Amino acid sequence: QEYHNREREKQFEDLAPNLTKARKDHPFPPDDTSSHREDLHNELSPDSVASRKPKVRKKDNSASSSGPSIPSSQEVIANFRELVEDFCGKAEIPDNADGDDWLSIALNDVKVLVNEITYVRSKGMLHEIPMDTLTCLLHVIDRQIRCSQGLSIDVKENPDAADAEHSVFSALESIHAALAIMTNPDMPKQLYREELIERIIDFSRHQIMDCMAASNPTFRALYKPAGNVTNDGDEDEDDMENGPASKKRRTASNLSARKSSANKVSASIYSAVQKLCLILGFLKELLTTVRLSDSCILQLAKTCFTTFLVDNMQLLQLKAIGVICMVFSSYTQHRSYLVDETLNLVRKLQFSKNAIRTYHLADEEQKQIQMITALLVHLVQFSANVPDSLKGTVNWSTIIDASVDANYPINCHEAATEACCLFWTNVLQRFTAAKSQDVPEAKGIIENLVQDLLTVLNLPEYPAAAPILEVLCVLLLQNAGLKSKDTSARCFAIDLLGGIASRLKRDSVICSKEKLWILQELTDAENDSSKILKNKCCVCLGGRGINMACDVCGRCFHPDCMGAGSQENLQRDSVCPLCFCKQQLSVLQSYYELENKEKGKRASTAHKKKTAIPDEVTAVDTVQQILLNYLQEAGPQDDGNLFSRWFYLCMWYKEDISSQEKIIYYLARLKSKEILRDSGSGLALSRDWAKKICLALGQKNSFSRGFDKILSLLLVCIASRCLILIRCCGINTQCFIRLA
């Protein structure tokens, strides 16, 4: 195996320098490039309040005369063990003591511990800490959480919230410390005690509910018992005995104190929400670090769904979406439950023509959608699960050795379609089964969902919008819509399909008029160098001020038109996105062909013929790769970005009739820039260009191609209704047809 890997590297070194004629020859990096620091940067949330580096203890002050020195790994581990020993010593009590007798460790001490854990983790040494030290620490942390169970910082539920605030925040910091340890790579499996994880989830759920109740009176009235709310009017009743003058004095003297108390509680709730967002981020990482029990998963999912019941917890809801989607991807046995909970959430939403839209779309000014729509889109995209071998750092050997079945991308697409069918079927059933007084509310919810989906349609980050709308159209064209016996259902289906069809037609007209130079690659049958404009900018067609040209094809550009106004961008290799992606795919194909030749020496002729791929890179593949590269560079470096790119590949794989013969080629396209590390980056692609490319590629999918069928069935349905109306009114049919 090692011999074959060395051979692959040697072959790739001969291919990689040909990515561009203007580039220097760079050797291909070794397979096992150290990326531990980058992984840790992705794992530790930027929202962490404990990100500052703690001070390292010095055992010998005389050694500092020569200036500050970088501590060795042994010193870092020794200092950490000393701090943990001191921390655990402050909590030493008899093991048989009751929970009420345990003392909560000072909040500052817990924060110092979190800082030290963050520092050791950033050094990549946390997994080197002895097992007994971590076990003892997690045991003390477990006690801290148990000390604070049942406490609340909500003043309306707990009159002594000020006293409980210290314990609650100490427990939240302790949870931060525990999760930072458990989500670190390569930790011993003995640390993941189910009892501790369940306690962390339960305590987090309780605090989330309290924060939501403190921030939203409606939520408090629905989900909090009235007996827990303190009576603020008792003091007023006592003052009434002393007459109006006493009440006036009390009001004047305590008004500022009451405002100060309210502000203090508000600040405490805000701080708790920030910490809970960080905890949810760590819990999302924990889902992929260790396999959790079903009880933990269901409790965590239920907690996350609860956050959508209030309107002023946007950051918490965004974190909850990430957790729910990771459960949907990693724990496929619970997908039906998660879809059911999403439907229950839809039922609980309050209907409004102007629905509250608090999910901000990336780089889209004044464009927002509902949180429930964002959850639906992300769930569908996460239903196409990325192969485990492609989730981490990859190289050529990883791609070639990946045991991915040729039907796997198609199965992923079918899983996404199944999730869409399950959702829309239940939503439409609710509409048809609704009572007459509930029909307007059900119609409004569906209309708001469709409006949001049309908003994100053809935006690069949301490829699932098209399949979701496509499944809805298929159902509306059948018994749930145009063929329904219910007149109101047919009319509603006509309205929805008409709106969707008009959007498809509008996009088609806009795309046909688009003159973006990249898209000419899709329309020009004979793409030769004679059609490339010389001494004119390919973007604005202007001739003055041109000082950028592609080193491969010779296309000219203005720096401002390419978004490369800074001198730093001008100093990079000037290769246009078309040439860059075309050369990327050429190298991937060339290397794959060499790999097939190696296999052909040991395989039969039939097998060699099965794995053959086209010799030339098609224009469609090139433009698709431009979109994938844009998402990989400009998008957030998180799981959602990876799943979005994989969802695109699954859709294109399904449309490609010869896709099953080149599964490895498609897998390599997912992380081509990571595989071809030294190939450069080419000229940047603007957001506006990416949207136009996404719109053009969208015209080739099955949803856009279904416009003719939608329109024809709509016309048939409308015509049949007109004929029925004519007969009922006694109008001559032939006269009506001549009039029409």
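Up top is the structure these notes are about.
We now turn to the structure provided with this report. (Residues numbered from 1 in each chain as written. Predicted model: local features only at pLDDT ≥ 70, side-chain atom pairs only at ≥ 80, totals over all residues. Heavy atoms only, no water.)

**Let's talk about the pattern of salt bridges**
Rules: Salt bridges are defined as contacts in which a side-chain nitrogen from Lys or Arg sits within 4 Å of a carboxyl oxygen from Asp or Glu. Comment: elements are numbered from the N terminus, with helices defined as DSSP H or I runs of at least four residues and strands as E runs of at least two. A simple rule labels every residue: compare its accessible area, found with a 1.4 Å probe on the protein chains alone, to the largest value its type can have, and call it buried under 20%, exposed over 50%, or partly exposed in between.
Per the counting criterion, the structure on display carries 22 salt bridges. Arg-669 is the salt-bridge partner of Asp-621, the closest N and O atoms lying 3.7 Å from each other. Taken as a pair, Asp-621 in helix 24 (residues 619–634) and Arg-669 in helix 26 (residues 663–670) lie far apart in primary sequence, 48 residues in all. Arg-669 sits in the buried class, given a relative accessible area of 0%. A salt bridge links Glu-633 to Lys-673; the nearest nitrogen and oxygen atoms lie 2.9 Å apart. Pair noted here: Glu-633 is in helix 24 and Lys-673 is in helix 27 (residues 672–675), with a separation of 40 residues, a long-range link. Overall, Glu-633 belongs to the partly exposed group, its relative accessible area being 39%. Judged by its relative accessible area of 16%, Lys-673 is buried. Connected through salt bridges with shared partners, the residues Asp-142, Arg-193, Glu-195 and Arg-199 form a single ionic network.

**Thoughts on the packing of aromatic side chains**
The cut-off we apply is this: Aromatic rings from Phe, Tyr and Trp, with only the six-membered ring used for Trp, were paired whenever their centres fell within 6.5 Å, and each pair was classed as stacked if the ring planes differed by under 30 degrees, edge-to-face if by over 60, and tilted otherwise.
In the structure shown here, the tally under the stated rule is seven aromatic pairs. On the numbers, 4.9 Å between centres and 40° between planes, the contact of Phe-431 with Phe-492 is tilted. Of this pair, Phe-431 sits in helix 16 (residues 408–433) while Phe-492 sits in helix 19 (residues 487–513); the two residues are 61 residues apart in sequence, bridging distant segments of the chain. A relative accessible area of 2% places Phe-492 in the buried class. Note on Tyr-665 and Tyr-666: the rings are 6.1 Å apart at their centroids and 80° apart in plane angle, and the pair reads as edge-to-face.

**Observations concerning the packing of helix 5 (residues 131–148) against helix 7 (residues 194–215)**
Put simply, the test is: All axes are obtained by fitting lines to C-alpha atoms, using only the stretch in contact for helices, and the reported angles, taken between N-to-C directions, cover 0 to 180 degrees. Take the far helix as the reference: if the near one is turned anticlockwise from it by less than a right angle, the crossing is left-handed, and if turned clockwise, right-handed. Throughout, a contact is declared for two residues whenever any of their heavy atoms are within 4.5 Å.
It is at 10 Å that the axes of helix 5 and helix 7 come closest, and there the two elements cross at 35°. Classified by chirality, the crossing of helix 7 by helix 5 is left-handed. Between helix 5 and helix 7, the contacting residues are Leu-138, Asp-142, Ile-145, Arg-146 and Ser-148 on the first element and Leu-196, Arg-199, Ile-200 and Phe-203 on the second.

**Observations concerning the packing of helix 13 (residues 335–348) against helix 16**
Rule in force here: Lys, Arg, Asp and Glu make up the charged group, whereas Ala, Val, Leu, Ile, Met, Phe, Trp, Tyr, Cys and Pro make up the nonpolar group; the residues left over, Gly among them, are polar.
Running from N to C, helix 13 and helix 16 point in directions that differ by 35°, and their axes come no closer than 10 Å. By crossing handedness, the relation of helix 13 to helix 16 is classed as right-handed. The segment helix 13 lies against helix 16, with Arg-335, Ser-336, Val-339, Thr-342, Leu-343, Val-346 and Arg-347 engaging Ala-415, Leu-422, Phe-423, Asn-426, Val-427 and Arg-430. Each residue belonging to the contact of helix 13 with helix 16 can be placed in one class, and the counts come to seven nonpolar, three polar and three charged.

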